Amino acid sequence: MKKIGFLSFGHWTPSSQSATRSAQDVLLQSIDLAVAAEELGADGAYFRVHHFARQLSSPFPLLAAVGARTSKIEIGTGVIDMRYENPLYMAEDAGAADLIANGRLQLGISRGSPEQVVEGFRYFGYAPQEGETDADMGRRHTEVFLDVLRGEGFAKPNPQPMFPNPPGLLRLEPFSEGLRERIWWGSGSNATAEWAAKMGMNLQSSTLKDDETGEPFHVQQAKQIRAYREAWKAAGHTREPRVSVSRSIFALVNDMDRAYFGRSGQEQDSVGFLDEKTRAIFGRSYAAEPEKLIKQLAQDEAIAEADTLLLTVPNQLGVEYNAHVIEAILKYVAPELGWR
């Protein structure tokens, strides 16, 4: 395990029991948690994106702000739903955020997850073309996005521009060198993992995937990662790809930990349906004393296959407690998993 970061869904609710009672609360606390995580030595600060929900939804202002407040930690998403995105405008936003962060952006994108509203992408002005599914549309947007991130000119310049142009066709600006190699695809199946490899994207695999074999979640996820790496090799890419998995892991080191999570560990995988046709398997969570955690995690095949582990954090419990959750893993568990 080379890198460990956190993944926040950015929940907020106007409840007296929540430390994040407004969108402003969760945005400002997300920045503060990234700063705290960097000070603790964590490798990454990642944020989930959901539309029409009381969660984080507009990633680039947040990523830019985190980039301006930090200097070392990787900054990413897990994931942006490409069905909602204008890929050219997104490329400009991503380039700007990456330049502010001095090349630390690790951008996770995907087709997206089940939505809060019915076909919410249509409210954003996007619809599948004839004969195309919404997943196809998300991948089409992705291919355009990846293409413009190469930084090659494609737009014919105005012969009488307001400002002087460089020679030749124009590209989008600002352009950030190297960002194209730091795009990740959030995959829920073996087939989309292989497609991501073909497209030259890194792989993000979360706590759920299509139940394709009936085996335990971590076994299926490990097979997904191996299929991805084989497809990467077959595609002839020259660089080494990166793979992340996310997990809910809590080291019980004090009374507060035990009060929050001592009895809530979901020690078995669960199975459900994302829609009428898609049977999904949801990975277990981990909550135990460090010694027990180390033994449990050592048996997780997917964690062993990945190079990056993203810890999902209970952001509504506030920055101080979440920093403690991260620190406990880094201090008592991570070294025994080969971190650093």
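Residues numbered from 1 in each chain as written. Predicted model: local features only at pLDDT ≥ 70, side-chain atom pairs only at ≥ 80, totals over all residues. Heavy atoms only, no water.

### Regarding the sheet that holds strand S11 (residues 270-273)
Strands belonging to one sheet form pairs held by backbone hydrogen bonds; the direction of such a pair is parallel or antiparallel. Heads up, the condition is: When DSSP finds two or more bridges between two strands, those strands count as paired. Starting at the N terminus, helices and strands are each numbered in turn, a helix being any DSSP run of H or I of at least four residues and a strand any DSSP run of E of at least two. For every element, the axis is a line fit to its C-alpha atoms; helices are fit only across the contacting stretch, and the angle between N-to-C directions ranges from 0 to 180 degrees. Contacts are assigned to residue pairs with any non-hydrogen atoms lying within 4.5 Å of each other.
Spatially, the three strands line up as an open sheet ordered S8-S12-S11, and their pairing is antiparallel. Two strands in the sheet have a free side with no partner beyond their single neighbour: strand S8 (208-210) and S11. Neighbour-to-neighbour, the strand axes of this sheet turn through a mean angle of 30°, independent of strand direction. Bridge analysis of S11 against strand S12 (residues 279-282) gives four bridges, and the strand direction is antiparallel. Residue pairing for S12: phenylalanine 273 is matched across the bridge by arginine 279. Docked against the sheet, helix H6 (residues 217-235) engages S8 and S12, running at close to 70° with respect to S8.

### A short note on the layout of surface pockets
The criterion, for reference: A pocket, in this scheme, is an open set of points on a 1 Å grid over the protein atoms alone with protein on both sides within 12 Å along at least 5 of 7 lines, while a cavity is a set where a 1.4 Å probe fits but cannot get out; residues line either one if an atom lies within 4 Å of a point. Grid points are joined across faces, edges and corners, and a volume is the space filled by probe spheres set on the points. Amino acids are sorted into nonpolar (Ala, Val, Leu, Ile, Met, Phe, Trp, Tyr, Cys and Pro), charged (Asp, Glu, Lys and Arg) and polar (every other residue, Gly among them).
Looking at the second largest pocket, its volume works out to about 200 Å³. Lining the second largest pocket are Pro216, Phe217, His218, Arg247, Asp269, Gly283, Arg284, Tyr286, Lys295, Gln296, Gln299 and Asp300. Put simply, the parts of the chain that give the lining of the second largest pocket at least two residues each are H6 and helix H8 (290-298). Looking at the lining of the second largest pocket residue by residue, the classes come out as three nonpolar, four polar and five charged.

### Focus: the nonpolar core
This is how the line gets drawn: Nonpolar core, defined: a set of buried Ala, Val, Leu, Ile, Met, Phe, Trp, Tyr and Cys residues in which side-chain atoms within 4.5 Å join the residues together. Per-residue accessibility, obtained with a 1.4 Å probe over protein chains only, is compared with the maximum for each type, and a residue is labelled buried under 20%, exposed over 50%, and partly exposed between these values.
Membership of the largest hydrophobic core comes to 74 residues, with the highest contact counts inside it found for Phe6, Leu107, Ile109, Phe145 and Ile183. Among all residues touching leucine 107, those that are not within four sequence positions of it are Phe60, Leu63, Thr77, Ile80, Met90, Ala94, Phe145, Arg182, Ile183 and Trp184. Phe250, Leu252, Tyr321 and Val325 belong to the second-largest nonpolar core, a separate cluster that totals six residues.

### Here we look at the pairing of strand S6 (residues 183-186)
Here is the rule: Clockwise travel from the first strand over the helix to the second, with the strands pointing away from the viewer, marks a crossover as right-handed.
Across the two faces of S6 the burial is the same, with Ile183 and Trp185 and Trp184 and Gly186 all buried. Note that the unit made of strand S5 (residues 105-110), helix H4 (residues 134-148) and S6 has a crossover that is right-handed. Since S6 and strand S7 (residues 202-205) lie parallel, the crossover through helix H5 (residues 190-198) that links them has a hand, and here it is right-handed.

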